Amino acid sequence: MLLTDKRLLLVGGKGGVGKTTISAAMALLASSRGKKVLLVSTDPAHSLSDAFARSVGDSITRLAPNLDALELDPDREVEQHLARVSAQLKRFTRPEMFNEIERQMRLTRQSPGAQEAAMLERMANVIELGLTDYDIVIFDTAPTGHTLRLLSLPEAMAAWTQGLLNANKRSEKLGEVLGHLTPKSGRDLANPLADPAEHAPAGMDERNKAITETLLARQRLFQRTREVLTDAQQSALLFVLTPEKLPILETGRAVQSLVQEKLPLAGLVVNRILPANADGNFLAARRTQEQVHLTQIAEDFASLRRYKIPLQATDIEGITALQQIAGLLEESGL
Ligand SMILES: Nc1ncnc2c1ncn2[C@@H]1O[C@H](COP(=O)(O)OP(=O)(O)O)[C@@H](O)[C@H]1O
Ligand SMILES: [Mg+2]
């Protein structure tokens, strides 16, 4: 029912378990059923390009009839986000402050929250566009609990408020501007704009009014995004995992934190299960495929020393199993 009923699917899971592969396959399936699909990756490695063996990138690219794709690049998002913030702040401040704004933006670029805040804004815009122009939007990443909390807290305004605090040091009105963005105590944190009248920037001078309105627009966008993400009618979260211990543990933790944030969890994709017919022929085929890749590795990394470790029959867990791998490393020449 997921591909029929939902508008927004998010595919989570540990690195390498098959998120991109499964998201891409789901997108193809939905498009083959006549849905207009937007497939989005937020992975700095160009994983959709790799999976479809063609370049996608940061503009909407048609991959199949009814299937468009988009690759968001976190570094690029930060640059563009800071450029937007800085342009807006300059509109609202005296030219003497421009150097200070530039300096502030350079500092913000290095702050740990900058990438997340920038990525959130872009994802929020992509979700709005996707829900307008497409039947279904599939993200090959799921937000973390932390990301979701950012959507309803003023911390996501990092670049903005930092820039404002510095550019507007002398304005005692600044407290008033920021006050409009912070939910009053006792109010629903997840819904800071529940009472629009409380936030109306009335009685401010033109400049502070403009700043407040820009920030409020961003906050409202985030709030709409959070509403969509947590709406079980429209959205669903799927986790991909492999039948191995660490992916199971990590999925357990992620599921718990996202359920706490009220994200509608719809199911698991258990990938890379050994098929029932995995006999000698299967192994021979796997070995042929592996040989192709081993040759590739030898060619691509000819100048690097390579240490080879064979696949083990069981998960590697505990000191004894790790000691066995240590022995294999030693045999391989390490
Ligand atoms: N069921 C499967 N059988 C064989 N290979 C798979 C399967 N699922 C994924 N892969 C391969 O595993 C690798 C990692 O998958 P990917 O979808 O990129 O993972 P993620 O996006 O979670 O990092 C890719 O090379 C992909 O082709
Ligand atoms: Mg991926």
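Reading the values: rules and limits
- Residues numbered from 1 in each chain as written.
- Chains lettered and ligands numbered in written order.
- Predicted model: local features only at pLDDT ≥ 70, side-chain atom pairs only at ≥ 80, totals over all residues.
- Helix = DSSP H or I, 4+ residues; strand = E, 2+ residues; numbered from the N terminus.
- Buried ≥ 20, exposed ≤ 12 C-beta atoms within 10 Å, placed from the backbone.
- Contact = placed C-beta atoms within 7 Å.
- Pairing = 2+ DSSP bridges.
- Axes fitted to C-alpha atoms, helices over the stretch in contact; angles between N-to-C directions.
- Parallel < 35°, antiparallel > 145°, perpendicular 65-115°, else oblique.
- Left-handed = near helix turned anticlockwise from the far one by under 90°.
- Nonpolar A, V, L, I, M, F, W, Y, C, P; charged D, E, K, R; others polar.
- Near = placed C-beta within 6 Å.

Colleague: Just to check I follow, could you spell out the overall build of the protein chain for this structure?
Modeller: The helix and strand tally for the protein chain stands at 14 helices and seven strands. Taking all 334 residues of the protein chain together, 29% fall into the buried category. Long-range contacts, defined here as pairs at least 24 residues apart, represent 73% of the contacts in the protein chain between residues at least 6 apart.

Colleague: Please clarify how the sheet that holds strand β2 (residues 37-41) should be interpreted in this entry.
Modeller: An order of β3-β4-β2-β5-β1-β6-β7 is seen for the seven strands of this open sheet, with the pairing classed as mixed. Of all strands in the sheet, those with a lone pairing partner are β3 (61-64) and β7 (265-270), marking the two edges. Neighbour-to-neighbour, the strand axes of this sheet turn through a mean angle of 25°, independent of strand direction. Of the strand pairs in this sheet, strand β6 (residues 235-241) and β7 are connected by five bridges, and their pairing is parallel. Bridge pairing in β7 links Leu238 to Gly267. Each of β1 (8-12), β2, β3, β4 (67-71), β5 (136-139), β6 and β7 is contacted by helix α2 (residues 19-32), which is oriented at about 170° to β2, the strand it contacts most. Running at roughly 165° to β6, helix α12 (residues 245-260) makes contact with β1, β6 and β7 of the sheet.

Colleague: Just checking my understanding: could you explain the packing of helix α4 (residues 74-92) against helix α5 (residues 98-109) for this structure?
Modeller: To characterise two packed helices, one gives the angle between the axes of the helices and the distance between these axes. Axis separation between α4 and α5 bottoms out at 10 Å; the angle between their running directions is 155°. Relative to α5, the element α4 lies roughly antiparallel. Considering only the axes of α4 and α5, their crossing is right-handed. Across the interface between the two elements, Val78, Leu82, Val85, Ser86, Leu89 and Lys90 of α4 pack against Phe98, Ile101, Glu102, Met105, Thr108 and Arg109 of α5. Class assignment of the residues belonging to the contact of α4 with α5 gives a composition of seven nonpolar, two polar and three charged.

Colleague: Just checking my understanding: could you explain the site of ligand 1 for this structure?
Modeller: The environment of ligand 1 is made up of Gly13, Gly15, Gly16, Val17, Gly18, Lys19, Thr20, Thr21, Ser47, Asn271 and Arg272. When residues of the shell around ligand 1 are assigned to their parent elements, the largest contribution, three residues, is made by α2. Its residues assigned to classes, the shell around ligand 1 shows one nonpolar, eight polar and two charged.

Colleague: Teacher, can you tell me more about the environment of Phe139 here?
Modeller: With respect to the helices and strands, Phe139 occurs in strand β5. In this structure the C-alpha to C-alpha distance between Phe139 and Val11, which are 128 residues apart in sequence, comes to 6.1 Å. If we ignore the near neighbours within four places in the chain, the residues touching Phe139 are Leu10, Val11, Val40 and Thr42.

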